[in-house]
Amino acid sequence: MRLSEHEWKAARTIVSVTLIATAISFVSIWTWAHIDPVITLRRCYEAAIVMPLLIAPLCSFGVQRAHLKVRKLSDQNEHLANHDELTGLSNRRAFFARAEAMQSRMGAVSSVFACAIADIDDFKRINDQHGHDAGDRVLKCMSDILAGIAPPDVVIARLGGEEFAIAGHFTSEGIARFWFDALVREIASCQPAGHDVTVSLGWCVAQGGESLSTLLNRADRALYASKAAGKNQAGKGEREPLRVVAIA
């Protein structure tokens, strides 16, 4: 059985407390033995070693057991605060934190930073015709597909309802386009939960000076264009040209 990081720390603490208690007890009894020569040195040394070995592990175990419980609860709370309960993907809060951190590295890596929003087509119809349980199964299946084919340096999140966000670094714009198109085809070919399900997707590539919110807005407009063009496709959102205002 592999120990977690917190369990390793607890084990090291138990060993450290035991060794420190043994050393303190040994030095104390050794000093006492030299002050009171009636007690033999052998008995003193035995007591100095045996007593801490019996007492320290029991005390350390109790303390570390409580510490582990607190740490596990803390980890669970952190996970709940940053992940969607149904799908296990990152939630909106975690998405913005991780995506903005990735975007800040744009100048340090030789890649493009792309952002996308994917929306399950006619999701309300699935819920109305097959029930919300079927809708939940579709969401979970969609999440599994996203997580399964996502490149390493990409964060995926469920923003809410049937809407998902994707952001990360790609080798080139062509690779990003290929991956987003492949994602749409993958969803359409697997028919999650036994129902015909497709997604529409809008994506864009970051330019200098754009915030993550601006990128998401561009991706969102491209998403609506994909739906208007017939759904089940990925469309790229172009950056709006700068407007030059003439001063009279």
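Before reading on, note that the structure itself is shown above.
Residues numbered from 1 in each chain as written. Predicted model: local features only at pLDDT ≥ 70, side-chain atom pairs only at ≥ 80, totals over all residues. Heavy atoms only, no water.

By the definition in use, this model includes five aromatic pairs. Seen from their ring centres, F95 and F96 are 5.9 Å apart, and the 90 degrees between their planes marks the pair as edge-to-face. Here the aromatic residues F170, W179, F180 and W203 are joined through ring pairs into a cluster of three or more. (Phe/Tyr/Trp six-rings, centres within 6.5 Å; stacked < 30°, edge-to-face > 60°.)

Another point: the packing of helix α4 (residues 123-130) against helix α5 (residues 132-149). Here α4 crosses α5 at 140 degrees, and the two axes come no closer than 6 Å. Comparing their axes, α5 and α4 come out oblique. From α4, F123, I126, N127 and H130 reach across to α5, where they touch H132, A134, G135, V138 and L139. Considered class by class, the residues forming the contact of α4 with α5 number five nonpolar, four polar and no charged. (Axes fitted to C-alpha atoms, helices over the stretch in contact; angles between N-to-C directions. Helix = DSSP H or I, 4+ residues; strand = E, 2+ residues; numbered from the N terminus. Parallel < 35°, antiparallel > 145°, perpendicular 65-115°, else oblique. Contact = heavy atoms within 4.5 Å. Nonpolar A, V, L, I, M, F, W, Y, C, P; charged D, E, K, R; others polar.)

Before going further, it helps to spend a moment on a nonpolar patch on the surface. A contiguous nonpolar surface patch, about 510 Å² in accessible area, is contributed by F26, V27, W30, I49, V50 and L53. Elements supplying a minimum of two residues to the nonpolar patch: α1 (5-35) and α2 (41-82). For V50, the location among the structural elements is in helix α2. (Patch = residues over 30% accessible without salt bridge, like charges linked within 9 Å, V, L, I, M, F, W, Y side chains within 5 Å. Areas by Shrake-Rupley, 256 points an atom, 1.4 Å probe, with all protein chains shown as cover. Salt bridge = Lys/Arg side-chain N within 4 Å of Asp/Glu carboxyl O.)

Turning to the sheet that holds strand β1 (residues 112-120), a few remarks are in order. Taken together, five strands build an open sheet; the order of strands is β2-β3-β1-β4-β5 and the sheet is mixed. In the strand order of this sheet, the two ends are held by β2 (154-160) and β5 (234-236), each with one partner. Within this sheet the neighbouring strands show an average axis-to-axis angle of 20 degrees, counted without direction. Of the strand pairs in this sheet, strand β4 (residues 199-205) and β5 are connected by three bridges, and their pairing is parallel. Its bridge partner lying in β5, G202 is registered against G235. Its contacts with the sheet put helix α7 (residues 212-228) on β1, β3 (163-170), β4 and β5, and the angle it makes with β4 is roughly 140 degrees. (Pairing = 2+ DSSP bridges.)

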